[in-house]
Amino acid sequence: MTQMAHDGSPLMMLASEPMVLVSFWKPLIPLVILGVWGWIVSTVLDKHAARFFLNRERWGAIHLTMGFVAFAGAFLMPMAGLVSFIAGVGFMVSVLVANVIIYVTMTGKDERVPAQHRLGWNVFKSMQEKKAAKAEEKKQGTVKLTIKGPNEKGQPTVLVPAPLAESPEFAVRTASEDLYLKAMVSRASQVDVLPSGKDQSYQASMLVDGVRVAGDTMPAQNAFKIIDFWKACAKLDVADRRKRLVGDIVIEQSGNKKKVRLTSVGVPGGMRLTMLFDPDTSVLRKPAELGFLEPQMAEMQELVNQTVTKNDDDKPIRGVVLLAGQPDGGRTTMMLSVLQMHDAYTQSVQSLEMEIQGTLEGVRHQAFDATAEGADFGTTVRSILRRDPDVLGVAEMPDATTAQMVAKNDHDRTRVYLCVKADSAMEAIEKYVQAVGDPALASKGLRGVVVGKLVRKLCTNCRVGYPPAPDMLKKMGVGDAKVQQLFKKGGQVLIKNKPEVCPTCGGGGYLGQEGVLEVFILDDEAREAVAQNNMAAVKAAIKKRGLPSLQVAAVQKAIKGITSVEEMQRVFAAKSAAPAQAAPAKA
Ligand SMILES: [Zn+2]
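Throughout, residues of each chain are indexed from 1 in the direction in which the sequence is written. It should be noted that, the model being predicted, local features are given only for residues of pLDDT at least 70 and side-chain atom pairs only at 80 or more, the latter also being counted only at that level, while totals for whole chains, interfaces and linings use all residues. The side-chain figures draw on all heavy atoms in the structure; neither hydrogens nor water molecules are used.

### Points about the overall build of the protein chain
Then step 1. Helix and strand definitions here come from DSSP, where helices need a minimum of 4 consecutive H or I residues and strands a minimum of 2 consecutive E residues; each element is numbered from the N-terminal end. Within the protein chain, the regular secondary structure consists of 19 helices and 19 strands.
Then step 2. Three labels apply to residues, based on accessible area from a 1.4 Å probe with only protein chains included: buried if under 20% of the type maximum, exposed if over 50%, partly exposed otherwise in between. Residue burial in the protein chain is summarised as follows: out of 587 residues, 44% are buried.
Then step 3. By element, 58% of the accessible surface of the protein chain is carried by carbon and sulfur atoms, the whole surface being about 31400 Å². We get accessible surface area from the Shrake-Rupley algorithm with a probe of 1.4 Å; when it comes to residues, only the shown protein chains can shield them.

Dropping the structure here:
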């Protein structure tokens with residue numbers, strides 16, 4: 001076959017060429033070279049042109065033309081001998097190299113391309129750098145959470161990078177993530193890390209449906225590292241271990257995003273870190289979802305409607321309503337729910353809180369600034385009342401001044417909801433009267449009392465029904481009612497006839513909380529009894545209204561299967577210190 005190629009005629013030479021090339025390795029070389037050139041053009045040159053908005057089509061045409069010339073040149077040259085073959089390949093290589101050099105020199109002068117992005121040997125340098133960066137990435141430890149801290153504007157957008165694997169920082173990160181992950185598994189709303197009080201150790205604890213659950217114990221030095229890690233995420237001053245610092249971050253875990261409010265403060269024996277999950281939404285609840293029974297909701301609506309003028313001759317009756325509960329027993333939620341019952345668009349609705357948790361549309365929330373000079377809670381209440389809001393929610397009654405300011409206020413102008421730490425209506429009234437120091441003054445504007453406690457709701461997926469013993473029903477005050485079934489917590493369900501941990505509640509048997517409430521309006525008779533400081537008469541007046549008491553409301557929720565008798569007993573056993581019995585001194 002090769003002999004035929006030695007035929008002298010140029011025509012024959014052309015015709016015989018394919019036959020020559022069948023020598024198997026020869027065509028591979030130009031093809032490989034063409035392939036390398038094609039790779040450079042498509043992965044480097046074309047991308048570079050697209051990136052800096054150079055004339056990509058024109059460059060494409062130039063590459064194509066030169067590529068064709070090189071290809072044609074190589075294959076049309078006489079390839080019979082080794083010399084002509086090398087010449088052909090040499091021609092091809094020079095055309096292709098020229099193509100690349102033309103691109104590099106031309107674009108190197110183009111002003112659209114920033115100096116550091118002009119091509120040259122740095123193309124290979126930048127590729128090396130990319131490789132190095134990839135290797136670095138591999139060295140970084142695998143983290144489970146995406147943590148974002150605040151930018152200059154306070155928006156949580158700045159990613160907290162994963163530390164290198166096998167570094168001490170990585171161990172801290174893993175331990176800190178563990179704290180969060182365990183809280184998520186337990187459906188906790190809050191996690192605290194604080195000194196345990198023994199052996200210099202620290203203890204983590206969680207709040208699950210309002211109940212404290214103990215977490216891991218750890219040496220102080222580890223706890224400090226974890227606390228400092230979370231503080232650094234929120235850009236809080238890690239060196240400050242005394243002052244109260246608050247910052248927000250966002251944590252994402254497989255698509256599940258949570259806002260986390262971090263609070264650190266110095267406590268006896270060290271410091272305390274609190275992580276509050278989704279602080280805005282967890283505290284907000286619509287009035288209808290708070291847990292009022294039907295007659296209670298009607299009474300509540302009437303109490304709210306008193307503040308609205310019905311016609312020109314009517315005067316609104318605003319005055320004071322006490323909201324009684326425990327600070328972490330959903331009292332803030334109760335106050336924000338009641339504020340929602342007022343129309344914040346036609347009325348000025350405001351609040352004064354120790355710390356703003358959730359915000360309502362149209363409501364002006366104010367946080368008490370304890371660091372402001374000369375400020376105490378009572379005088380802050382007074383200065384807000386001077387601006388005549390229609391409705392004001394006061395989240396605390398930390399001093400007598402607060403109660404006095406509220407009692408002395410113009411009761412036609414402002415409806416004040418005053419939160420009082422108390423377990424019953426009577427206790428709330430007694431505490432308020434005592435703080436005001438004058439029963440007659442305290443009684444003047446007093447319009448109503450709402451008492452609230454939170455009970456855990458039974459998980460409906462695994463709760464267990466049982467026929468109640470007659471004794472128990474008697475104790476609950478429903479001895480005569482026909483109650484066929486009550487429920488207690490389960491925690492397990494049968495999956496394919498095998499008992500397994502309930503997937504809905506994670507085995508705890510409870511899921512979420514609901515309010516148990518008591519509400520009533522004070523009529524003239526009840527107010528007169530308060531003015532006389534005759535608490536027995538107050539009690540009788542309340543009873544006359546015939547609304548469900550706190551206990552009755554709780555029993556009704558147990559009968560409906562919303563909560564258990566055991567949970568009721570737990571909540572009602574946790575009474576605060578007995579109310580002070582001493583009568584307030586007459587002013
Ligand atoms: Zn369950």
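### Topic: empty space enclosed by the protein
Then step 1. For cavity detection a 1 Å grid was placed over the protein atoms alone, and a set of points counts as a cavity when a 1.4 Å probe fits there but cannot get out; an open set counts as a pocket when protein lies on both sides within 12 Å along at least five of seven lines, with lining residues being those that have an atom within 4 Å of a point. Grid points are joined across faces, edges and corners, and a volume is the space filled by probe spheres set on the points. Inspection of every chain in the model, using the stated rule, returns 2 cavities of 30 Å³ or more.
Then step 2. When its volume is computed, the largest cavity comes out at roughly 70 Å³.
Then step 3. In this structure, the largest cavity is lined by L290, G329, G330, R331, M334, G452, K453, L454, G515 and L517.
Then step 4. Of all the secondary-structure elements, those providing two or more residues to the lining of the largest cavity are α10 (327-340), β14 (446-458) and β19 (510-521).
Then step 5. The element contributing the most residues to the lining of the largest cavity is α10, with 4 residues.
Then step 6. Lys, Arg, Asp and Glu make up the charged group, whereas Ala, Val, Leu, Ile, Met, Phe, Trp, Tyr, Cys and Pro make up the nonpolar group; the residues left over, Gly among them, are polar. Looking at the lining of the largest cavity residue by residue, the classes come out as 4 nonpolar, 4 polar and 2 charged.

### Description of unusual backbone geometry
Then step 1. Look at D388: it is not a glycine, yet its phi comes out positive at around 50 degrees.
Then step 2. With respect to the helices and strands, the residue D388 is situated in the loop between α11 (377-385) and β12 (391-394).
Then step 3. For D388, a relative accessible area of 32% translates into the label partly exposed.

### What about the environment of A298?
Then step 1. In this structure, A298 sits in helix α9 (residues 294-305).
Then step 2. Taking the C-alpha atoms as reference points, A298 and V519, separated by 221 residues in sequence, lie 9.8 Å from one another.

### Here we look at the coordination of the zinc ion
Then step 1. Distances from the zinc ion to its protein donors, C459 (SG), C462 (SG), C502 (SG) and C505 (SG), fall within 2.3 Å.
Then step 2. Metal donors were taken as nitrogen, oxygen and sulfur atoms no farther than 2.8 Å from the ion, or 3.2 Å where the ion is Na, K or Ca. Water is excluded, so coordination may look unfinished. Donor angles set the geometry label: tetrahedral for four donors if every angle is between 85 and 135 degrees, square planar for four and octahedral for six if opposite donors exceed 155 degrees and the others are between 65 and 115, irregular for anything else. Around the zinc ion sit 4 donor atoms; with metal-centred angles ranging over 105 to 115 degrees, the donor geometry is tetrahedral.
Then step 3. In primary sequence terms, the donor set of the zinc ion follows C-x2-C-x39-C-x2-C. In this pair, C462 is assigned in the loop between β14 and β15 (464-466) and C505 in the loop between β18 (498-501) and β19, connecting sequence segments 43 residues apart.

### Remarks on the layout of surface pockets
Then step 1. Of the volumes computed, that of the largest pocket is approximately 1600 Å³.
Then step 2. Forming the walls of the largest pocket are 47 residues, and the residues nearest its centre are Q190, L207, L276, D328 and Q357.
Then step 3. At the level of elements, α6 (168-185), β3 (190-195), β7 (256-267), β8 (270-277), α8 (279-282), α10 and β19 are the ones that each hand at least two residues to the lining of the largest pocket.
Then step 4. The leading source of residues in the lining of the largest pocket is α10, at 6 residues.
Then step 5. In the lining of the largest pocket, the residues fall into 16 nonpolar, 15 polar and 16 charged.
Then step 6. Segmentation into domains, and thus their bounds, comes from an automatic or database assignment. Counting residues domain by domain, the lining of the largest pocket receives three or more from each of domain 2 (146-281) and domain 3 (284-452 + 516-546).

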